[in-house]
Amino acid sequence: MPVSVANSRLIYEALKSCDVKLLSALPETWLVHLMRMADDDPDMTLVRIAKEEEAIGISAGAHLAGVNSALLMQNHGFFAAINPIVSLALLYKIPLLMLISYRGHWGEKDPWQTQGGLATEPLLRALNIPIWHLNTTADIPRRIKDAQTLAHAALHPVAVLLSRELMWEE
Amino acid sequence: MLRADALEAIYPDLERRIVVTIMGAVAAELYTLGHRHNFFYLEHAMGLASSMGLGIALALPEQPVIVLDGDGSLLMNLGTLSTLARYKPGNLLHIVFDNESLLSVGGFPTATSTGTDLAGIARAAGVPRVAETDTPADLKAAVEEALASNTLTTIVSKVEAVGPKTFHMDLPLLENRFQFRRYLEGLRGQAHE
């Protein structure tokens, strides 16, 4: 499976540098290495959810309890979580650090991913959620930290879009 | 039984503990019994009170966390039972008031009115302790046993589909949110001393 282990490791290390102690995730191809790294790390609580909606509640609870969390999700998982993003995170001013695998965008070969690729940024923009396209290795530590800093200052969700060039090695 | 009577019976067990409630009648009834900074009323996002409770319970493993859920809310997020059961936080108590109705939005019957068994679903999901109660005294006893057990417990309590006269709460959502976060911050501070 040509998902980049090296870049997954850099992303994981960046989350650790941000003092992220809890990760929620639902298995997704581009995220498998990140999930394994979290599983192997005794200092990380990995919550494997049944549906992404739950992750918004879990991160909200962790935030109110003073623990930094991040959410690993596919863009289709972000779609599944839109109601709680609106009616919990935005309503109650909860910061969310969402790392979203950007499927169905440039270079996508799977037809079933493509509608999701087209809808991702318009939906994020409709919710006024700031977006960073994480495309290059050098950007990883700085931009993940920046995303968390903005989320905590604004008490608002932020989206880091994990691109194909970063996650997939052809 | 009336949920208001059930809540009154367990109020002393809730008073000093972290409590997350769903919206609507449960929130208003608990608020009327006496608001405390350790109570968080999730006034929307139906189904997610138990997920919030899980996040808090994992973040503060030394602190008991009590979630007050309802049949309509739980049916919207049945997957939560499998996630709770997977991580089994021993400090989480999940109480479901089942009035077989979406009372706060006009009283439409839910699937528990036609036989869906939430306690059975919780057991089958793998929740290690599941209890069913139908009087305030039984509920209080079940709550106290659950808290003493240090084991993830779901209690399903059948209640009448009767709500409060008013749903008014003199507490803006964000005031509740910041009060609650401050309260939890205080608990963390104590833990570190």
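Note that the structure is a prediction, hence the values are computed from the model and not measured. (Residues numbered from 1 in each chain as written. Chains lettered and ligands numbered in written order. Predicted model: local features only at pLDDT ≥ 70, side-chain atom pairs only at ≥ 80, totals over all residues. Heavy atoms only, no water.)

Attention shifts here to the sheet that holds strand β4 (residues 96-101) of chain A. Residues and elements named next belong to chain A. Read across the sheet, six strands follow the order β2-β1-β3-β4-β6-β5 without closing on themselves; strand pairing throughout is parallel. In the strand order of this sheet, the two ends are held by β2 (45-48) and β5 (131-134), each with one partner. The average undirected angle you get between the axes of adjacent strands in this sheet is 20 degrees. As defined by bridge partners, β4 adjoins strand β6 (residues 157-162) across six bridges and the pair is classed as parallel. Bridge assignment links Leu99 to a residue of β6, and that residue is Val160. In the packing of helix α3 (residues 52-64) onto the sheet, contacts are made with β1 (22-25), β2, β3 (69-74) and β4, and the angle to β3 comes to roughly 170 degrees. (Pairing = 2+ DSSP bridges. Helix = DSSP H or I, 4+ residues; strand = E, 2+ residues; numbered from the N terminus. Axes fitted to C-alpha atoms, helices over the stretch in contact; angles between N-to-C directions. Contact = heavy atoms within 4.5 Å.)

Before going further, it helps to examine the pairing of strand β3 (residues 65-70) of chain B. Of all six residues in β3 of chain B, six are buried, a share of seventy percent or more. Across the two faces of β3 of chain B the burial is the same, with Val65, Val67 and Asp69 of chain B and Ile66, Leu68 and Gly70 of chain B all buried. (Buried < 20%, exposed > 50% of the residue type's maximum accessible area, 1.4 Å probe, protein only.)

The tendency in soluble globular proteins is for nonpolar side chains to be buried as a group. Formed by 87 residues in total, the largest nonpolar core has its most connected members in Leu88 and Met98 of chain A together with Leu68 of chain B. Membership of the second largest hydrophobic core comes to 30 residues, among which are Cys18, Leu23, Met35 and Ala38 of chain A. (Core = buried A, V, L, I, M, F, W, Y, C linked by side-chain atoms within 4.5 Å.)

By the definition in use, this model includes five aromatic pairs over all chains. Here Tyr31 of chain B and Tyr41 of chain B contribute two aromatic rings whose centre-to-centre distance is 6.3 Å and whose plane-to-plane angle is 70 degrees, an arrangement assigned as edge-to-face. Of the two residues, Tyr31 of chain B sits in helix α2 (residues 25-34) while Tyr41 of chain B sits in strand β2 (residues 39-41), which places them 10 residues apart along the sequence. A ring pair is formed by Phe40 of chain B and Phe180 of chain B, whose centres lie 5.3 Å apart and whose planes are at 40 degrees; its orientation type is tilted. Here Phe40 of chain B, found in strand β2, pairs with Phe180 of chain B, found in helix α8 (residues 173-192); they are 140 residues apart in sequence, far enough to count as distant. Across this residue pair, the class does not change: Phe40 of chain B and Phe180 of chain B are buried. Taken together, the ring pairs in this structure connect Tyr92 of chain A together with Phe40 and Phe180 of chain B into an aromatic cluster. The lysine or arginine in question, Arg177 of chain B, covers the ring of Phe178 of chain B, its NZ or CZ lying 4.2 Å from the ring centre. (Phe/Tyr/Trp six-rings, centres within 6.5 Å; stacked < 30°, edge-to-face > 60°. Lys NZ or Arg CZ within 6 Å of the ring centre and 35° of its normal.)

A few words now on the environment of Asn91 of chain B. Residues and elements named next belong to chain B. Among the secondary structure elements, Asn91 is positioned in the loop between α5 (79-87) and β4 (92-98). The sequence separation of Asn91 and Gly47 amounts to 44 residues, and the corresponding C-alpha distance is 20 Å. Sequence-distant contacts of Asn91, that is, excluding residues within four places in its chain, are made with Ala57, Leu60, Pro61, Glu62, Gln63, Pro64 and Val65. Looking at Asn91, its side chain comes within polar contact range of the main-chain oxygen of Leu60, at 3.0 Å. At 2.9 Å, the side chain of Asn91 forms a polar contact with the backbone oxygen of Gln63. (Polar contact = N/O pair within 3.5 Å; in protein donor to acceptor, adjacent residues only side chain to side chain.)

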